Amino acid sequence: MCGIVGYIGTKKACPILINGLIRLEYRGYDSAGISTIEKDGISVMKDKGRVKNLYNLKGIDDLEGSIGIAHTRWATHGKPSKENAHPHLDNSRTFSVVHNGIIENYNELKKFLSDNGYKFLSQTDTEIIPNLVHYYYSKDKKDSSSASIDKKDSSLSSTDKEDSSLKKGDCLRFLRAVKRACDDLKGSFAIEILCKDYPDNMIVVRKDSPLVIGKGDGENYIASDIPAILSFTKNFYFLNDLEFAVLSRDDIKFYDDNLQLIEKATKSIDWDASSSEKNGFDDFMLKEIYEQPNSIRETIGAKFSEDSDCEFDELNFSKDYLKGLDKIFIVACGTAMHAGLTGKNAFEKLCKIPTEVDVASEFRYRSPLVDDKSLCIFISQSGETADTIAALKLCKEKGAKTLAISNVIGSSITREADYSIYTHAGPEIAVASTKAYTSQVVLIVILAIYFAEILGLSSAEIVNLKRDILELPKKIEETLKCSEQVKEFAKRVYQEKDIFFLGRGVDEVVAKEGSLKLKEISYIHSESYPAGELKHGPIALIENGVTVVGIMTVPELVKKTVSNLQEVITRGAKTLVITNQDIDKSMFDMVIEIPNTNTFVSPVLSIIPLQLFSYYIAKEKGLDVDKPRNLAKSVTVE
Ligand code: G6P
């Protein structure tokens, strides 16, 4: 979704901003723009289409300003066009704004501003922001000049409370106008704003939308997420909702919602900057698929060894608390939700705790029966998914304890939740999630083991499972050797219109994820079904030449899935099978053999051929694997 970058320092801002936008391209967008403060005022350059188009804009090379903001837009209000692209200016060109999120009451505010003489050039909700700031900015000026005449009319001038915190030189008027505009905004926003009267300051504020601040030496950065500025700094500040930051070259000041100065500490992020580069791979997706042996090693970390119990430094659940739980809810979106489904299997079988898994956008509106006897787990790679965050807030209101599983330290979800644990998969840039998924699966199974051990439910099964988890990185390396075989099958079927995925037990969960991957990047229509459901409808769609993928890793269910596949073969289907079981291979068109492992974590291996399958199909079709159409990496609006 929309991406934000900001820079204030001593270098030319323009190339830094464009470079940052390129690093945010993976989030998905349809137009881009930058704004800098130049000697003669605020400049704005923007256009529809790719970020690199910005380089072709007349005058872009002449930008000298060392302070600027930039944006990639993913259209919500108004079609993708130059007019609707950010940054947006107010009518007097005093303020320039980029915004990520949605202003829900923009019609109301637009009317108010129109009634006060403001004109609008775009169809966006964002354009009301610079104008609203301008409205308060000029009103404040009028109020302070009349203050000596009428001290009573102080509703828009500074309060005593603010004055104690805001000193001269803190761009007080600018900050106060931004704050007052924010008071009027309903919805979600991450906003960067420049003011031509304060060429040495930039203000940022956020509510329910991602934004990080990178601290440099004599320069500071803003971005929607960490990888965009990781090559410049490893020290980050994170704003809570409705906190303001005033950036200058050497300093960053933070204010709360009452404009009281607050202290914030930096968090150091140990991601390697090169982990956000392709490092010789054609695409981020392929690189991330191949990173899985290492990302899983990082996920496991030092949480347990073969003969020691699981430990999470971040958690302190007691046996009584876990025993008192009625239910675990796992809530997430997309691929993260599929990882949640593997968690259900683990919590129910290992911990004997009933577990429900929900899509966040449904969960939040279905009046879930959550209370203080529920533990609610939220899985989100980015930690910024709007529906997942909203679901988390709902569970807190209902008195449940909340636990976030995320890949991004300091992300919104981790700041909201009572407890947070991290997948440590490193930055994931490709829109289609691969290494984040396998890390989520491993982490949630380790969490289930940790609970089971606290509950005194350790067993030989758990001892074996721990050994199998420790062996996963090596087994992923072995699994990746199937690449050429998968590529060959992808070449045979890449022109198909429909592909079906079947499995039972955890294999059905992998079928769901394999089918999602295929849809996301190859644009082939695909469905996944529990293999046993085939006869209840989907088999009507099987005709000569249709491709069916079967996953078979659950020993007690393998024969049943084989019979289901026989039924589609009889009707002329081509079959690709992923298995670690001893089956008669002769009846299938291709069988990918993967290493044997524990069923709880077999999705970590069985998904890999399917990740490669969708990747090679998309490549055969000549598609942009990393940035599939219409999709965004991080869905920060409902
Ligand atoms: C988007 C992405 C998916 C991701 C989902 C949830 O749809 O394209 O890859 O699985 O959001 O994202 P999250 O960051 O919450 O895991």
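Computed from a predicted model, the values in this text were never measured in an experiment. (Residues numbered from 1 in each chain as written. Predicted model: local features only at pLDDT ≥ 70, side-chain atom pairs only at ≥ 80, totals over all residues. Heavy atoms only, no water.)

**Points about unusual backbone geometry**
Okay, so step 1: At the junction of His86 and Pro87, the peptide bond is cis and its omega measures out at 0 degrees in the coordinates.
Okay, so step 2: Turning to its location among the elements, Pro87 is positioned in the loop between β4 (67-73) and β5 (88-89).
Okay, so step 3: Here the phi dihedral of Tyr523 falls at roughly 60 degrees; this positive angle occurs in a residue that is not glycine.
Okay, so step 4: Within the fold, Tyr523 resides in the loop between α16 (506-522) and β22 (525-530). (Helix = DSSP H or I, 4+ residues; strand = E, 2+ residues; numbered from the N terminus.)

**Considerations on the sheet that holds strand β20 (residues 419-422)**
Okay, so step 1: The 5 strands lie next to each other as β17-β16-β18-β19-β20, forming an open sheet whose pairing is parallel. The open sheet terminates on both sides in strands that have one partner only, identified here as β17 (355-359) and β20. Ignoring which end each strand starts from, the neighbouring axes of this sheet average 20 degrees apart.
Okay, so step 2: The pairing of strand β16 (residues 327-332) with strand β18 (residues 374-380) spans 6 bridges and is parallel. Each residue of the ladder has a partner; that of Phe329, found in β18, is Cys376.
Okay, so step 3: Along the sheet, helix α11 (residues 386-397) makes contact with β16, β18 and β19 (401-406), crossing β18 at roughly 165 degrees.
Okay, so step 4: The sheet contacts of helix α13 (residues 435-454) involve β16, β18, β19 and β20, and relative to β18 the element is tilted by about 160 degrees. (Pairing = 2+ DSSP bridges. Axes fitted to C-alpha atoms, helices over the stretch in contact; angles between N-to-C directions. Contact = heavy atoms within 4.5 Å.)

**Structural notes on the pairing of β17**
Okay, so step 1: Here β16 pairs with β17 via 5 bridges, running parallel. By the bridge assignment, Val331 is partnered in β17 with Asp358.

**A word on the site of the ligand**
Okay, so step 1: Neighbouring residues of the ligand: 14 residues in total, closest Ser380, Gln381, Ser382, Thr385 and Ala632.
Okay, so step 2: Within the backbone of Thr335, a nitrogen or oxygen atom sits 3.1 Å from an oxygen atom of the ligand.
Okay, so step 3: Val431 has a polar backbone atom sitting 3.1 Å from an oxygen atom of the ligand.
Okay, so step 4: With the chains in place, 90% of the 390 Å² that the ligand exposes on its own is no longer accessible.
Okay, so step 5: The element that contributes the greatest number of residues to the shell around the ligand is helix α9 (residues 334-351), accounting for 3 residues.
Okay, so step 6: Partitioning the shell around the ligand into residue classes produces 5 nonpolar, 7 polar and 2 charged. (Near = heavy atom within 4 Å. Polar contact = N/O pair within 3.5 Å; in protein donor to acceptor, adjacent residues only side chain to side chain. Areas by Shrake-Rupley, 256 points an atom, 1.4 Å probe, with all protein chains shown as cover. Nonpolar A, V, L, I, M, F, W, Y, C, P; charged D, E, K, R; others polar.)

**Brief notes about the packing of aromatic side chains**
Okay, so step 1: Applying the stated criterion across every chain yields a total of 18 aromatic pairs.
Okay, so step 2: Residues Tyr237 and Phe254 carry aromatic rings whose centres are separated by 4.8 Å and whose planes lie at 55 degrees to one another, so their mutual orientation is tilted. Separated by 17 residues along the polypeptide, Tyr237 in strand β11 (residues 235-238) and Phe254 in strand β13 (residues 252-255) bring together distant segments of the chain. Accessibility classification places Tyr237 together with Phe254 in one group, the buried group.
Okay, so step 3: With a centroid separation of 4.6 Å and an interplanar angle of 45 degrees, the aromatic rings of Phe317 and Tyr419 are classed as tilted. In this pair, Phe317 is assigned in the loop between α7 (292-300) and α8 (319-323) and Tyr419 in strand β20, connecting sequence segments 102 residues apart.
Okay, so step 4: Here a set of aromatic residues connected by ring pairs shows up, and it is made of Phe312, Phe317, Tyr321, Phe347, Tyr419, Tyr450 and Phe451.
Okay, so step 5: Above the ring of Tyr137, the side-chain terminus of Arg173 is found at 3.8 Å from the ring centroid.
Okay, so step 6: Directly above the aromatic system of Tyr523 lies the positively charged group of Arg629, at a separation of 3.9 Å from the ring centroid. (Phe/Tyr/Trp six-rings, centres within 6.5 Å; stacked < 30°, edge-to-face > 60°. Buried < 20%, exposed > 50% of the residue type's maximum accessible area, 1.4 Å probe, protein only. Lys NZ or Arg CZ within 6 Å of the ring centre and 35° of its normal.)

**Here's the deal with the domain arrangement of the protein**
Okay, so step 1: For the protein, the assigned domains are domain 1 (3-273), domain 2 (278-470) and domain 3 (481-625).
Okay, so step 2: The straight-line distance from the C-alpha centre of domain 1 to that of domain 2 is 34 Å.
Okay, so step 3: Facing 13 residues of domain 1, the contacting portion of domain 2 comprises 13 residues.
Okay, so step 4: Carbon and sulfur atoms make up 61% of the surface buried where domain 1 meets domain 2, a total of about 1100 Å² over both sides.
Okay, so step 5: There are 2 salt bridges connecting domain 1 and domain 2.
Okay, so step 6: Put simply, Asp241 and Lys393 hold a salt bridge, and the shortest N to O gap is 3.6 Å.
Okay, so step 7: At the surface where domain 1 touches domain 2, the tally comes to 4 residue pairs in polar contact (both at pLDDT 80 or more).
Okay, so step 8: Residues of the side of domain 1 that touches domain 2, tallied by class, amount to 8 nonpolar, 1 polar and 4 charged. (Domains from an automatic or database assignment. Buried area = accessible area lost by both parts, 1.4 Å probe. Salt bridge = Lys/Arg side-chain N within 4 Å of Asp/Glu carboxyl O.)

**Re helix α18 (residues 602-620)**
The periodicity of an α-helix, 3.6 residues per turn, causes residues three or four places apart in sequence to face the same way.
Okay, so step 1: For α18, with 19 residues, the first-to-last C-alpha span of 28 Å sits near the 27 Å given by 1.5 Å per residue.
Okay, so step 2: Helix geometry: α18 is bent most strongly at Ile608, by close to 25 degrees, with proline Pro609 lying one to four residues after it.
Okay, so step 3: Burial within α18 is extensive, with 17 of its 19 residues counted as buried.
Okay, so step 4: One or two residues past the end of α18 sits Gly622, with phi positive at roughly 70 degrees. (Expected span 1.5 Å × (residues − 1). Bend = angle between axes of the 7 residues up to and from the residue.)

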